[in-house]
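Structural description and commentary
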Amino acid sequence: MLRIPALAILSALSLVASASSASISADRSPGIPRNPGNPFHAFDLRCEYAKNPIGIDSAHPRLSWKLESSRRGDEQTAYRIRAATDAGLLRRGAPDMWDSGHVMGSQSIGVAYAGKLLQSGRRVFWTVQVWDREGRKSRESAPSWWEMGLVEGRDWQGHWIGDGRPAPAKDEEFYGDRPAPCFRREFVVKRPMRRARAYVTGLGYYEMTLNGQRVGDHLLDPAWTNYDRRVFYSSYDVSKLLKQGRNAAGLLLGNGWYNTLPLRIFSRFNLRTILPTGEPRALLQLNIEYDDGSREAVVTDENWRVAESPIRSNSLYLGEIYDARKEMRDWDLAGFDDHAWKTAAQVDAPKGKLMPQPLPPIRAGKLMQPVKVTEPKPGLYIVDMGQNFAGVAAFRFNAPAGTTVKIRYAELLNPDGTLNPLTSVAGQIKNGNGGPGAPPIAWQTDTYICKGGGPESCTPRFTWHGFRYIEISGLSSPPSLSSIVGHPLHSDVESVGEFACSNPLFNRIQEMVRWTILSNIFSVESDCPHRERLGYGGDIVAAGEAIIYNFDMSRFYSKAVDDLADSVRPNGGMTETAPFVGIADESLGEGAGPIGWGTAFPHLQWQLYQYYGDRAPLTTYYDMTRAWIRLLESRADGGILVNGISDHESLVPKPVPLTGTAFYYYNVELAARIAGTLMHNADLARYETLAQSIRAAFNGRFLKPETGAYFTGTQACQAFALYMDLAPPAQKQEALAVLVRDIMDNHKGHLTTGIFGTKYMLNALTDTGRADVAYELANQKTFPGWGYMLENGATTLWEHWAKEERVYSHNHPMFGSISEWFFKGLAGIRLADAGVEGMRQIRIAPNVVGDLTWVRASYDSVRGRISSAWKRDGGSFVLEVAVPPGIQAAVEVPANDPTSVKEANLLARDAEGVKYVGARNGSAIFHVGSGVYRFTSVLPQK
């Protein structure tokens, strides 16, 4: 049989995916150093923002580390990096690759390796020593390492292979029986082996085995890209999977995004005519290094054999059909008789550059058990997983051979308890509008045909679904709860943020946001995990900062910027989705998307710089950023840009001219910051002048000076003007008053904003001293709001504020900006200003609002853990803060009398490492360096 050990494999993978749990750890106490007694030292060493990565292709990899100290106000004044081919050389003080020497400075992020030439496959061990503020040298860090991939194209010795099958001539033929190909090859390991590395990729997706064991724990690999520009491969240490003597390698290929069906998404967009496509193909190089120093490579070539697998069809959108009767036992073990198999065909390589996969792979998360099985109709079984999520389910069946089990997935149920899949139908294909051969309704469906003879396992391999409920038909008796397991899947981004507070509703909202985020990061940040699965830029602009506070997005978002750059249009415009699938609503011409969605390009570059200190995208794509601004200039008239989808999902009419112009201003402001950072002074001056002219035009066109209202005076209008600092200083209070009146008087504490206005309004209210109003908005349980979603059964965020069960997705991250506000507005953890690099300066400015009695949050920044935990009891207030070395913080402590604030048992102004700098808006402001601080005060009287 063809062994595809689905349940066992995914169960094992769940143990290694530490970032997959969306739960909040309410017991974790922020603010305490990991090792409070240790002196100044470096830890958490990373190369290219990853821990011990295999498969680096940069000639000068960027090295980073975090700092820790038991002393307040410590900071790095110098560092020394040593690198060697063996950790033992480092222990002996004899680095043979690089010794940076004693380098003065505080840089701990992005230090470029400057040692000997890095060859393919080379593993480099490295350590760092740091000097503290008094010039004292730390102990050397524990060694870390990175390993090079195949650095040059000529290092690849094999060829791309496929099964030689031609693509169908007609669209309808794509929907027939088109089995996934599986490939095998036997080879001999001739003598004792030192190590082995596998470098492998397959389009659209692949799985590799050695001697019957799966290689690695990546799923749905490689990450989706524009395959005409980039194709990713992964690198694996497979030394323990090989043995001396005969071995066998296996490859199984899925269609993925490379061999998509010709479905007409939204009745219009045929991905086969837009995306680079082709029949499945694979490339493998298995490098074997023997103890005697000799080397050998096993590569994909004409020596491989190919056959049809039991996966009879597989589609990202429509699911898989698996016929277990066609399994072949031991097909990927040495000695298997493959005489009936065909010789693999050498096929053309995709056009894109072959490069190591730079972002975290998709992995399986924590196992989920179903909570209920019902039978709303005879023989129709409904499984409730208890949580909406993205991933797959694993099943155990025991049925006669030939039994066909149909499995459908959905987010909702109908009133009679049957499945309601309408919110997750692929591409809104519901009325036979999917093109020739497409099903009348594009359900998420898997089909399993049993082989009989005892219990058997079923898990789809090359697709994923977005669902809470599963419909099973074809069985003679209901499945047991123990026979079904859910496996959340997502790019394995590290969890870095925790938030909890005394308001149970907010904790539930935070949980809901995290589940939604994880459901929508499958190598691109998708809009939903079922209906579209596309990388919309607008979702990034609206929710990206919330996602950064919760997960380490340094590598994921760097890849997203690359995707946007790879999709740029001939006129310099940015696309609505990246990779580009042809959607260009409110286009700026030549396929460029609307301005709010194109804003993701400079916006993401700047956030990578702000939060992670990553300057590379700013430099790499500077010319593209300038071209994007030139396009916006050419479409504007007198500083006004009437373009865009505006405040998407707004509950009131959208102010297109205002939002288009505000986004225009914001893009120019970003371009000015980038130009200034890169010392392009002429561009800086030009962009600053242009921004001021747009600002003047914006106020001249939209501001009503007598009232402070902008344009139609909606919440979005006021929020855009305030958040983007477009309102003149003399008019800000009037503009704020208009906003507050509309919220509190016109809408009884409720919002009317869409995806952008919501983010901007929460932040603008907080920044202007009205966090109390933001709290009122967030705390509503009636329509519209996050609480309303929860009250109506949501476990992930909806696409639309209203409860809708026929069209709109129930797992959409666009309104996730509320989590950003939890961290910034309530816990108060935020950047000091817009120009900060790598969170070097921050503010901790909590807001004591509503009925909250405590808040605690932590954020594992690129420089170390930042935490803020406060509580109040009557009029007394306690704020505990932790700041890592490398960061300077302004701490704002609410106080009735700023001069009476204490830190520990002293007046704060007299405490070690604490500098009082003044008072503002009812808070005393202190500057602190690294350390743990405990401030106490008496709250201002209301």
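This structure is a prediction, so every number in the text was calculated from the model and none was measured. (Residues numbered from 1 in each chain as written. Predicted model: local features only at pLDDT ≥ 70, side-chain atom pairs only at ≥ 80, totals over all residues. Heavy atoms only, no water.)

1. Notes on the confidence of the model for the protein chain
The predicted model of the protein chain averages 95 in pLDDT, with 96% of residues at 70 or higher. A low-confidence stretch, residues 1–37 (pLDDT under 50), is modelled with 101 contacts involving residues beyond four sequence positions or located in other chains. (pLDDT = per-residue confidence, 0-100. Contact = heavy atoms within 4.5 Å.)

2. Quick look at the environment of A904
Among the structural elements, A904 can be located in the loop between β46 (902–903) and β47 (906–907). We classify A904 as partly exposed; its relative accessible area is 40%. Along the sequence, A904 and R934 sit 30 residues apart, while their C-alpha atoms lie 5.4 Å from each other. (Helix = DSSP H or I, 4+ residues; strand = E, 2+ residues; numbered from the N terminus. Buried < 20%, exposed > 50% of the residue type's maximum accessible area, 1.4 Å probe, protein only.)

3. Description of unusual backbone geometry
Between L203 and G204 the backbone carries a cis peptide bond, its omega angle lying at -10 degrees. In this structure, G204 sits in the loop between β12 (193–203) and β13 (205–210). A cis amide bond links D221 with the next residue in sequence, P222, at an omega value of 0 degrees. Within the secondary structure layout, P222 lies in the loop between β14 (213–214) and β15 (230–237). Unusually for a residue other than glycine, N211 sits at a positive phi of about 50 degrees. Position of N211 among the secondary structure elements: in the loop between β13 and β14. Unlike most non-glycine residues, A904 shows phi in positive territory, near 60 degrees.

4. Focus: helix α8 (residues 600–612)
With 13 residues, α8 extends 17 Å between its outermost C-alpha atoms, agreeing within 8% with the 18 Å of an ideal straight helix rising 1.5 Å per residue. A large share of α8 lies buried, amounting to 13 of its 13 residues. (Expected span 1.5 Å × (residues − 1).)

5. Concerning the environment of R508
By secondary structure assignment, the location of R508 is in helix α4 (residues 504–519). Among the residues examined, R508 registers a relative accessible area of 39% and is labelled partly exposed. Taking C-alpha positions, R508 is 8.7 Å from G787, a pair spaced 279 residues apart along the chain. The contact partners of R508, leaving out residues within four places of it in the chain, are L790 and E791.

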